[in-house]
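Each chain, letter by letter, is given below.
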Amino acid sequence: GNYRSFDVLPLWFFVLRLVESPRFHPVQCQQDAWKFLNYLKIVLDSKQFDAPSKLAAKAVEIFFFRIIRNKSGAYNPKGDAAFGEMIKNFFQMKNQKDFKNYGQFFVNAEAITNAMYDLNSLQRDILSLLFPTAQPLLQKVITYNSMDDRDFF
């Protein structure tokens, strides 16, 4: 149907908020998590999505796995290696023709594994650097630090 490429962003950000929530358990919610991750893979592999959507999907995927790794808290060399490879592949995207115009997004995203780079930072970077025309439209829907997650869940 008729939609704008950024229409899915509020849903993606909402899913990340849910995953960050103490109620989300990686093992108990594994089936739902895989559905979300498979959808992001479809976005990445599809020719019907534009470059900003693909970069946003990849950043959301990385952030999702960062949350899961932090929740597990266990040392996992295999998982750490896979996460490192995922990040390496993400930053190699900046050399691809379709993504060359998004250099500042890659610069900001270098902090994606840092605990100080929170979901609000990710949302801000995706909206301001990948979808600047969407920012005024979505600002009312996506509010930074407007509510405490404990009040929400």
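Keep in mind that what you see is a predicted model, and the values were worked out from it rather than measured. (Residues numbered from 1 in each chain as written. Predicted model: local features only at pLDDT ≥ 70, side-chain atom pairs only at ≥ 80, totals over all residues. Heavy atoms only, no water.)

**As for the packing of aromatic side chains**
Part 1 of the reasoning: Across all of its chains, the model carries eight aromatic pairs by this definition.
Part 2 of the reasoning: Here Phe-36 and Phe-64 contribute two aromatic rings whose centre-to-centre distance is 6.0 Å and whose plane-to-plane angle is 45°, an arrangement assigned as tilted. Note that Phe-36 is positioned in helix α2 (residues 30-45) and Phe-64 in helix α3 (residues 51-72), a separation of 28 residues in sequence. The pair Phe-36 / Phe-64 is uniform in exposure class, with both members buried.
Part 3 of the reasoning: Ring plane angle 85° and centroid distance 6.3 Å describe the contact between Phe-90 and Phe-105, whose orientation is recorded as edge-to-face. Here Phe-90 is found in helix α4 (residues 77-92), whereas its partner Phe-105 is found in helix α5 (residues 103-109), with 15 residues between them in sequence. The exposure classification of Phe-90 matches that of Phe-105, with both residues buried.
Part 4 of the reasoning: By the ring-pair criterion, three or more aromatic residues cluster together here, those being Phe-90, Phe-91, Phe-105 and Phe-106. (Phe/Tyr/Trp six-rings, centres within 6.5 Å; stacked < 30°, edge-to-face > 60°. Helix = DSSP H or I, 4+ residues; strand = E, 2+ residues; numbered from the N terminus. Buried < 20%, exposed > 50% of the residue type's maximum accessible area, 1.4 Å probe, protein only.)

**A word on the packing of α2 against α3**
Angle between the axes and distance between the axes are the two parameters that describe a pair of packed helices.
Part 1 of the reasoning: Orientation of α2 relative to α3, taken along the N-to-C sense of each, is 150°, at an axis distance of 8 Å. Classified by the angle their axes make, α2 and α3 are roughly antiparallel. Remark: the crossing between α2 and α3 carries left-handed chirality. Contacts between α2 and α3 involve Ala-33, Phe-36, Leu-37, Leu-40, Lys-41, Val-43 and Leu-44 on the former and, on the latter, Ser-53, Lys-54, Ala-57, Lys-58, Val-60, Glu-61, Phe-64 and Phe-65.
Part 2 of the reasoning: Tallied by class, residues from the contact of α2 with α3 come to 10 nonpolar, one polar and four charged. (Axes fitted to C-alpha atoms, helices over the stretch in contact; angles between N-to-C directions. Parallel < 35°, antiparallel > 145°, perpendicular 65-115°, else oblique. Left-handed = near helix turned anticlockwise from the far one by under 90°. Contact = heavy atoms within 4.5 Å. Nonpolar A, V, L, I, M, F, W, Y, C, P; charged D, E, K, R; others polar.)

**Thoughts on the nonpolar core**
Part 1 of the reasoning: Formed by 49 residues in total, the largest nonpolar core has its most connected members in Leu-9, Trp-12, Leu-55, Val-60, Phe-90, Leu-122 and Ile-126.
Part 2 of the reasoning: Going through the elements one at a time, α1 (9-20), α2, α3, α4, α5 and α6 (119-130) are the ones with two or more residues in this core.
Part 3 of the reasoning: The element that contributes the greatest number of residues to this core is α3, accounting for 11 residues.
Part 4 of the reasoning: Excluding anything up to four places from it in sequence, Phe-90 contacts Leu-55, Lys-58, Ala-59, Ile-62, Phe-105, Phe-106 and Ala-109. (Core = buried A, V, L, I, M, F, W, Y, C linked by side-chain atoms within 4.5 Å.)

**Notes on the pattern of salt bridges**
A side chain with one charge may pair with a side chain of the opposite charge, provided their charged atoms come close.
Part 1 of the reasoning: All told, the structure shown has seven salt bridges when counted by the stated rule.
Part 2 of the reasoning: A salt bridge links Lys-41 to Glu-61, with the shortest nitrogen-to-oxygen separation between them at 2.8 Å. With Lys-41 in helix α2 and Glu-61 in helix α3, the pair connects residues that are 20 residues apart, well separated along the chain.
Part 3 of the reasoning: Sharing partners across several salt bridges, the network here consists of Lys-41, Lys-58 and Glu-61. (Salt bridge = Lys/Arg side-chain N within 4 Å of Asp/Glu carboxyl O.)

**Side note on the layout of surface pockets**
Part 1 of the reasoning: What the largest pocket holds in volume is close to 510 Å³.
Part 2 of the reasoning: Secondary structure elements with two or more residues in the lining of the largest pocket: α2, α3 and α4.
Part 3 of the reasoning: In the lining of the largest pocket, the residues fall into 14 nonpolar, four polar and two charged. (1 Å grid on protein atoms, 1.4 Å probe; cavity = no way out; pocket = protein on both sides within 12 Å on 5 of 7 lines; lining within 4 Å. Points joined across faces, edges and corners; volume = space filled by probe spheres on them.)

**Points about the confidence of the model for the chain**
Part 1 of the reasoning: Per-residue confidence for the chain gives a mean pLDDT of 85; residues scoring 70 or more make up 89%.
Part 2 of the reasoning: α5 holds the highest mean pLDDT among the elements of the chain, 96, whereas helix α8 (residues 149-152) holds the lowest, 42.
Part 3 of the reasoning: Contacts for the low-pLDDT stretch residues 145-153, under 50 throughout, to residues beyond four places or in other chains number nine contacts. (pLDDT = per-residue confidence, 0-100.)

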